[in-house]
Amino acid sequence: MDRGPILRINDLKVSFQSGGNYAPAVDGVSFELREGEILGIVGESGSGKSVTSLASMGLIPSPPGKIDNGKIIFAGKDITDISEREWRKIRGNQLSMIFQEPMTSLNPLFTIGNQLDEAIRLHTNLTKKESKSRCIELLGLVGIPRAEGILKEYPHQLSGGMRQRVMIAMAMACQPKVLIADEPTTALDVTIQAQILTLMKELNNKTKTSIILITHDLGVVAEICERVIVMYAGQIVEQGEVRKILKDPEHPYTKGLLKSIPEIRGKKDRLYSIPGTVPEPGTVKKGCRFAARCPDAFARCQMEEPELYKTQKDGHEVRCFQHTLKEGSGDHAGVTS
Ligand code: ADP
Ligand code: MG
């Protein structure tokens, strides 16, 4: 089934001031989110996942940040250069976002009811009474029982998992077309994490809201996403269907992430993590950004930066010279960016 894109990001470049200079945190990222799908964005901390999602919501803090390039097309409309006033109409309404627990915006001084009511009435003309029944309906939607009681409670009275459900309810208040969830389960324990992922999958099924799920854990992507984008040092290094990538990852970085999934690791093994860390923006001057950590790097990888190559698998792309060796061509016939 071919579905059209609801959100399209084209050649996004975002840099941040460090010292006197700007360094690129996101460097030429292009992707599309299709209607009704769940798209995963995965990569270690510092890969540029949050910057990509903030830019998609018009939320890059400037200074220290600056958008150098890129287009954002939402529901067929170019919203790249819209004013902050227009952004406010879209944000929280058609394009919504939830964050990891420590960054959530639940106010400790107000009840859940107050805060949900505010989220609803900010974007609709519902009366107080209509808003209350919408609150209860929303809490039901995110699987919270005894909704009437919860409305009177304060955030600290709820568990982490319940708070995250409330955040999701708030984000869904206006039936957004797109929900961006940035590490929504990272602060939660494994059982609760699984419940929240199931909930997101159910919401996606029921409401057809398209979801971008951002995580550092490829295991989370494996649970609910159809397609995945693997990011490293501000770039996409591999993308395609989750099923195919889990079965046959092509980029050495993706292979490393796959080895770090808890289920695959097994309980007895030591926790695997790729040796080294993601380079700071702008610090790799030459060659492949992953070469310093790559078990398979060869001479060319130190000298030249690989492009994002289309492989023979449908919709699959990989930024690695090994791919050109494998398919027996050193030329750039399949280059997409
Ligand atoms: P991720 O979400 O993948 O962990 P981020 O998108 O948050 O990574 O950040 C990528 C890089 O962008 C960071 O390593 C940092 O160098 C830079 N960066 C992000 N936000 C800021 C900021 N507010 N100020 C300065 N640099 C930033
Ligand atoms: Mg992040």
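Below you will find a few notes about this structure.

Parameters and conventions
Residues numbered from 1 in each chain as written. Chains lettered and ligands numbered in written order. Predicted model: local features only at pLDDT ≥ 70, side-chain atom pairs only at ≥ 80, totals over all residues. Heavy atoms only, no water. Phe/Tyr/Trp six-rings, centres within 6.5 Å; stacked < 30°, edge-to-face > 60°. Helix = DSSP H or I, 4+ residues; strand = E, 2+ residues; numbered from the N terminus. Buried < 20%, exposed > 50% of the residue type's maximum accessible area, 1.4 Å probe, protein only. Lys NZ or Arg CZ within 6 Å of the ring centre and 35° of its normal. Pairing = 2+ DSSP bridges. Contact = heavy atoms within 4.5 Å. Axes fitted to C-alpha atoms, helices over the stretch in contact; angles between N-to-C directions. Near = heavy atom within 4 Å. Polar contact = N/O pair within 3.5 Å; in protein donor to acceptor, adjacent residues only side chain to side chain. Areas by Shrake-Rupley, 256 points an atom, 1.4 Å probe, with all protein chains shown as cover. Nonpolar A, V, L, I, M, F, W, Y, C, P; charged D, E, K, R; others polar.

1. Considering the packing of aromatic side chains
Overall, the coordinates contain three aromatic pairs when judged by the stated rule. Summarising the aromatic geometry, the rings of Y253 and F290 are spaced 5.2 Å apart at their centres and angled 65° between planes, so their arrangement reads as edge-to-face. Within this pair, whereas Y253 is found in helix α10 (residues 252-259), its partner F290 is found in the loop between α11 (262-265) and α12 (299-303), the two being separated by 37 residues in sequence. Each member of the pair Y253 and F290 is classed as buried. Grouped by ring-pair contacts, the aromatic residues Y232, Y253 and F290 constitute a single cluster. Here K66 stacks its cationic end above the ring of Y22, 4.6 Å away from the centre of that ring. The ring centre of Y272 lies 4.3 Å from the NZ or CZ of K259, which sits over that ring.

2. Re the pairing of strand β6 (residues 95-98)
On β6, burial covers both faces: L95 and M97 on one face and S96 and I98 on the other are all buried. Here β6 runs beside strand β7 (residues 178-182); their pairing, made up of four bridges, is parallel. Following the sheet pairing, L95 is matched in β7 by V178.

3. Regarding the sheet that holds β6
Pairing within the open sheet is mixed, and its eight strands lie in the order β6-β7-β8-β3-β9-β10-β12-β11. At either end of the open sheet lies a strand with only one pairing partner, and these are β6 and β11 (309-310). Direction of pairing for strand β3 (residues 38-42) relative to strand β8 (residues 210-215): parallel, over a ladder of five bridges. Of the residues in β8, the one forming a bridge with G40 is L213. Of the strands in this sheet, β3, β6, β7, β8 and β9 (227-232) touch helix α1 (residues 49-56), which is tilted by about 150° from β7.

4. A word on the sheet that holds strand β4 (residues 65-74)
Spatially, four strands are ordered β2-β1-β4-β5 in an open sheet, and the strand pairing comes out antiparallel. A strand with exactly one partner marks an edge of an open sheet, and here the two such strands are β2 (21-34) and β5 (77-78). Here strand β1 (residues 5-18) pairs with β2 via 11 bridges, running antiparallel. Bridge pairing in β2 links S18 to N21.

5. Points about the site of ligand 1
Lining the immediate environment of ligand 1, one finds 13 residues, of which G46, G48, K49, S50 and V51 sit closest. Between ligand 1 and the protein, one listed contact pairs an oxygen atom with a backbone N or O atom of G46 at 2.7 Å. A distance of 3.0 Å separates an oxygen atom of ligand 1 from a polar atom in the backbone of G48. Burial of ligand 1 by the protein amounts to 67% of the accessible area it has alone, namely 560 Å². The biggest single contributor to the shell around ligand 1 is α1, with three residues. Here the shell around ligand 1 is composed, by residue class, of five nonpolar, five polar and three charged.

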